[in-house]
Each structure stands twice: as C-alpha cells, then as structure tokens.
Amino acid sequence: MPVYKAPTRDTRFVINELIGLEHFQNLPGFANAARDLTDAVIEEAGRFVAEVVAPLNQIGDREGCTRHPDGSVTTPTGFKAAYRQYVDGGWATLSGPEQYGGQGLPHVIGFVMEEYLASANQAFAMYPGLANGAISAIISKGSPEQQATYLPKMISGEWLGTMNLTEPHCGTDLGLLRTRAEPQADGSYAITGTKIFISAGDHDLCENIIHLVLAKTPGAPESSKGISLFIVPKFLVNADGTPGARNAVTVGSIENKMGIHGNATCVMNYDGATGFLVGEECKGLAAMFIMMNAARLGVGMQGLAQAEVAYQNAVVYAGDRRQGRALTGPAEPSQKADLLFVHADVRRMLMDAKTFTEGMRALCLWGALQVDLSHDSPTEDERQAADDVISLLTPVIKGYGTDMGYKTATDMQQIWGGHGYISENGMEQFVRDARIAMIYEGANGVQAMDLCGRKLAANGGRAIQRLFALVDAEVAGDNADPAVALVAERLGQANTELKSATMWFMRNAMANPDNLGAGAYAFMTMTGVVSLGLMWLKMARIAAAALAAGSDEAAFYQAKLTCAQHWALRFAPQAGALRHEVEAGAQTVMALPVEAFATA
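Residues numbered from 1 in each chain as written. Predicted model: local features only at pLDDT ≥ 70, side-chain atom pairs only at ≥ 80, totals over all residues. Heavy atoms only, no water.

Caption draft 1: Spotlight on the side chain of Gln122. Within the element layout of this structure, Gln122 appears in helix 6 (residues 122-141). Residue Gln122 is classed as buried on the basis of its relative accessible area, which comes to 1%. There is a polar contact of 3.4 Å between the side chain of Gln122 and the side chain of Tyr440. Dropping the residues within four chain positions of it, Gln122 is found in contact with Asn57, Leu117, Ile260, Gln302, Gln306, Asp433, Ile436 and Tyr440. (Helix = DSSP H or I, 4+ residues; strand = E, 2+ residues; numbered from the N terminus. Buried < 20%, exposed > 50% of the residue type's maximum accessible area, 1.4 Å probe, protein only. Polar contact = N/O pair within 3.5 Å; in protein donor to acceptor, adjacent residues only side chain to side chain. Contact = heavy atoms within 4.5 Å.)

See below:
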C-alpha cells in the first residue's frame, strides 16, 4: 500500500524561515497567525490527512462514484465519514473570514492544508477545494443577502460549492456558451442548459451544494461580454437558512475518467432551475476570473502534491529494492546486490524530484502570501505590487507546476520499474491523477497564452518588470558563501535569458501574433524555472546562515543547500534553450498546410 507522510518540517521551514509569517502579525489578516498556532495547525493537519484521508485514496480509485436511478450520487466507501471528520475538526474554516464563521488565518495556511489533502487523496481534496472558488466569488461579487445566506454554511463546510463553466461545445471559449437565464417576476432567473466536466457536481458529503453557473440573459451579446453569473442551489434555501425544495438541476451522468475516480465529475442538466444573479448582468466574466484564479492556484498545488506523494514512495522503494552494483564497486559486498540508491541515474531522478517539490512548495506558499498581501498590506502601492506579482505568476504556478508535477510522478514511477506499472503499488494512480491537473481550469497552453497574451503587456509590462526586479535584488544580495554565489550567478543568467525573451516578444509579436503563440509555452516554462530559482536562492541564503551559526539540524540545511546547487546546475541551464525556442518564432510551426498533417 502506498505511503504518505505530510512534509511538515519543510512546510514549517517555508512558513517560518522563508516567509516569516509571524512578522506580518501587525496586518489585519495575520493577527491570528502566531507561530505556535500555525506550527500546531501544520502538524495536526499533517496527522489528520495521513491517518484519515490517505488510506481512502486507492479505495476511491477502485470504487469511483455511483449515480443512482433517482439521479443521486454517492461517493466511495469512507469518503462521507472522512469529510464529516474534516468539518468537525474545523479544517474547512481555516482561512475563512471571521465574520462568516471562519478562523481568519491567512490564505497561506489554507494552502498548506490544500497541499496535504491533494497529496493524500486528490479526488477527496477536490470536494472542499472547488468550494473555495465559489466562496471567493460570492465574497467579492455577491450581495449582502447572498453572503449572509450562503457563506456561513459554505465556509463551515456544511455546504459545498461548484463552478459550472464548461459546456459540450464550449470549453475555453466561453463566449460560445448556450445556457440561458430567463428573468422571473420574483427577481430570480430560470436557468436552462447543460454543463459538463463539473467536478463534485453532486455527492452525499453535505446537505446542500451551491452551484455557481455561467449563463446568458435574453438579449445579451453573443460573446464573453454577455456572460452573467448565477447562484443555483441544489436545494433552495428556506427563510430560516435550512435547505428546502429540490431545485431543477440533475446529474445526467458521471464521466468515466482516466483518474481522480473518487471525485464525481458530472454532466449537469439545468431545466428551468431557480438561479440568482451574482453581481451585475453581463459582468460574469470578472466573477469567473475570481473563481478561476483561485482554482488555478489550487491546481498548481495539485501538481506539487502528486509529485510529493510519488516522490515519497519512490524514496521508500529505492531504499528497499536491490538491483545491480554501484559503478564504483559494491556498496554492500555482503549482499547479492546494492540498493537502487547507489545508481546515479536513480539519484538524478530523485534529486530532480526533491528540488522541484521543495522549490515548488516555497513558490506556492510564497505566492499565497502575495494573495494575502494584495488584500492586507497597509498601502495601495504594496497591495498593487503583491497583486501584480501573483497575477503574473498564477498561470506559471498552474502551468509549470502541473507540467513538472506530472513529469515527476512519471519519473518516480520509472524508479519502480515494472512494479510501478502494477495498480496495487499505487504509482500508476499518481500518474493518472496528476495528468488531469495539466488540463482542467484552463489547459496549460491556455495558461501560457494568458501569461504572454494578457499578463506581459498589462499596465505597460509592470508585473514582469516587478518580477525582474525581485530576482535582480535577490541576486545582488550577500553571496559570500560559495554555494550561494553559484546559485545567484546561475539565477542571474537565467533572468537575463527571460528578459531577452520578453524583449523578443516585444519586437516580434506585434508584427506576427503567431510568434507569440508559438513561443508562449516555452516562455511560461522559462518563467517557472526562474521563479523556482528565486525561491532556491532565498532558501540557500537561509540554509548557509543556519549552517554558519552551527544549527543542530545541519543535515536539513545542508540538503537545502545541495538542492539549491542542483537547481543551479541542472534546472537553470534550461532557460537558455527555452529562450532559443521562443526566438524560433512561428516559421515552422505555422508553415504546413492543414492537409499535410494527414497520415493517409
């Protein structure tokens, strides 16, 4: 059976030493984030997911969800009881606003729990995870009455939520959606249409599900400018706040998927269902992006999460499996073969995985801090700076994080060899579950185009210039330690490559927009490499200082320093190759006529 132990020590390193969360306690959203409390939350969260949620991962994969003849859906064995423990333990409320019953902790602490849940059981984690985007939209765009009606129950976890965007003919291009919203005399709307790929569309975990649905009102423009957002509860809510009559929304089917079998991915049919407008009519796009941005950061965390659990199981296997001899001679002559750990190629994959997971954890949690600072910093300039950085990096965290998460999961499966292909060992499930994260909440090619087509040019390139400045400032810091100096040098070089690619886009994308499209993915990946390097340089400095001070955790900090060097020697050189890929432009990409792609 696969193993999982939450990486609580590494998380505490990021929260306490890299971010220094307790230093922000003067800000309104951080008042409750004392170190002893956050440390306790991290440790207890790790214990809960390892003991309660992780054992259900393979069960959920084998059983899947079941749609019954009456249209109801049940989750796999153990999910409902585990979710009740999740709610009773207060885990749903971690970063919710106190005015609606939340604990008021920073988003960065909520992200810790998201990572642990997704590593332990990604399908289970999606039930509360999808509700977060719906909650964010209602907080931002909902009326006071809507907020009072829905948020307390959603933040407590008593009710969950979904995001209903995609339709059979309409994925990324939401301007094509056909779901209609007819105004009713009482101020509500009758919602009619079909939505597909709706994660957690129906289930038995809670007493009500609050669907947030995109639709078009009569006379609305036939484009994305005509989209409105509606709250459509599974059960209409009575005046006393209890669930009432069943709404006209049903599950047509549950999708048969490659992975995440324990999550009910549904086809949802709306047959004149009662809905309530969120925000202004035809202004649903802005609300949609609030949901999507929250979800995209969460999906980036899923890439990290699957990489982490796959890595942990590869480490266990490499420390148990004996195959061949070390190239330098038998490591254990008394044994018939050496452990896999003696082989440099196995070590290469494990070091790549450790460097990615620890660097990505730092980037995700540092990014979550920027979300908090964009709301809670004392000045408008500071709030804007944080918002610029996290807006720029959201598609990078989602795209690069899930690309590398999937690669890491497959590399860790490779370490298991043929045994990694056998279902009972769990490695192939990690690969299958990791694959969806590259697709949903905007496929990674869409993330690349969001980064290059929207984020780079916004506000005269202000956000990318802020990132360049952050990296340059870090590179210019104290580099007296030779190991730190190496990381700083290579990060500086990678940042120069990223600047050059940005300038190339400025010179060549206007004349031929396909140049942007052809190079966007490489640019997103390069930004991921540089962003990861920024985290590793910060961590290298902390580790070097701890070692110089004679820390009693020397092995922990030395490993950090070694991983930082591994990034410098093995990850940073990718930036140069990626710049050349950007600068290749669209010449060959767009050259062939369509018929040339036919194979017969």
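Caption draft 2: Quick look at the pattern of salt bridges. Enumeration over the complete set of coordinates arrives at 34 salt bridges. The shortest N-O distance in the salt bridge between Arg462 and Asp388 comes to 2.7 Å. Of this pair, Arg462 sits in helix 13 (residues 462-475) while Asp388 sits in helix 10 (residues 380-415), and the two are 74 residues apart along the sequence. According to the relative accessible area criterion, Arg462 is partly exposed, its value standing at 29%. The exposure class assigned to Asp388 is buried, which follows from its relative accessible area of 5%. It is possible to trace a salt-bridge network through shared partners that takes in Asp10, Glu115, Glu308, Lys354, Glu358, Arg361 and Lys560. (Salt bridge = Lys/Arg side-chain N within 4 Å of Asp/Glu carboxyl O.)

Caption draft 3: Looking closely at the layout of surface pockets. What the second largest pocket holds in volume is close to 1000 Å³. Taken together, 40 residues line the second largest pocket, and the ones lying closest to its centre are Thr166, Ile439, Tyr440, Glu441 and Gly442. Put simply, the parts of the chain that give the lining of the second largest pocket at least two residues each are strand 5 (189-199), helix 8 (284-318), helix 11 (427-436) and helix 12 (444-455). Sorting elements by how many residues they give to the lining of the second largest pocket places helix 8 first, with five residues. (1 Å grid on protein atoms, 1.4 Å probe; cavity = no way out; pocket = protein on both sides within 12 Å on 5 of 7 lines; lining within 4 Å. Points joined across faces, edges and corners; volume = space filled by probe spheres on them.)

Caption draft 4: Structural view of unusual backbone geometry. One non-glycine residue, Glu441, lies in the positive phi region at around 60°. Structurally, the position occupied by Glu441 is in the loop between helix 11 and helix 12. Unusually for a residue other than glycine, Asn459 sits at a positive phi of about 55°. Positionally, Asn459 belongs in the loop between helix 12 and helix 13. The exposed category is assigned to Asn459, whose relative accessible area is 55%.

Caption draft 5: Geometry of empty space enclosed by the protein. Under the defined criterion, the tally for this structure stands at one cavity of 30 Å³ or more. Residue lining of the largest cavity: Gly201, Asp202, His211, Lys234, Arg246, Val249, Thr250, Val251 and Met268, and that is the complete set. Here the element with the most residues in the lining of the largest cavity is strand 10 (residues 249-254); it accounts for three residues. Per-class residue counts for the lining of the largest cavity are three nonpolar, three polar and three charged. (Nonpolar A, V, L, I, M, F, W, Y, C, P; charged D, E, K, R; others polar.)

Caption draft 6: View of helix 5 (residues 107-120). Taking 1.5 Å per residue as the helical rise, helix 5 with its 14 residues ought to reach 20 Å, and the 20 Å between its terminal C-alpha atoms agrees with that figure. Among the residues of helix 5, those classed as buried are Val108, Ile109, Gly110, Phe111, Val112, Met113, Glu115, Tyr116, Leu117, Ala118, Ser119 and Ala120. (Expected span 1.5 Å × (residues − 1).)

Caption draft 7: Representation of the nonpolar core in the model. In terms of nonpolar packing, the biggest core is built from 160 residues, with Met412, Ile415 and Trp567 touching the most fellow members. With 19 residues, helix 15 (residues 513-548) is the single largest residue contributor to this core. Aside from chain neighbours lying at most four places away, what touches Trp567 is Thr355, Val487, Arg490, Leu491, Val529, Leu532, Gly533, Trp536 and Ala572. The next biggest cluster of nonpolar side chains, apart from the first, holds 34 residues, and it includes Ile155, Leu165, Leu177 and Ala295. (Core = buried A, V, L, I, M, F, W, Y, C linked by side-chain atoms within 4.5 Å.)

Caption draft 8: Representation of the environment of Trp567. The residue Trp567 is located in helix 16 (residues 554-571) in this model. What makes Trp567 buried here is its relative accessible area of 0%.

Caption draft 9: Quick peek at the side chain of Ser531. Mapped onto the fold, Ser531 is located in helix 15. Apart from the residues within four sequence positions on either side, Ser531 is in contact with Leu363, Leu393 and Leu467.

Caption draft 10: Region of the structure containing the packing of aromatic side chains. Tallying each qualifying case throughout the model produces 14 aromatic pairs. Between Tyr150 and Trp159 the ring centres are 6.5 Å apart and the planes differ by 55°, which places this aromatic pair in the tilted class. Judged by relative accessible area, Tyr150 falls into the buried class, the value being 6%. Taken together, the ring pairs in this structure connect Phe13, Phe556 and Tyr557 into an aromatic cluster. The side chain of Arg9 reaches across the aromatic face of Phe556, ending 4.2 Å from its centre. (Phe/Tyr/Trp six-rings, centres within 6.5 Å; stacked < 30°, edge-to-face > 60°. Lys NZ or Arg CZ within 6 Å of the ring centre and 35° of its normal.)

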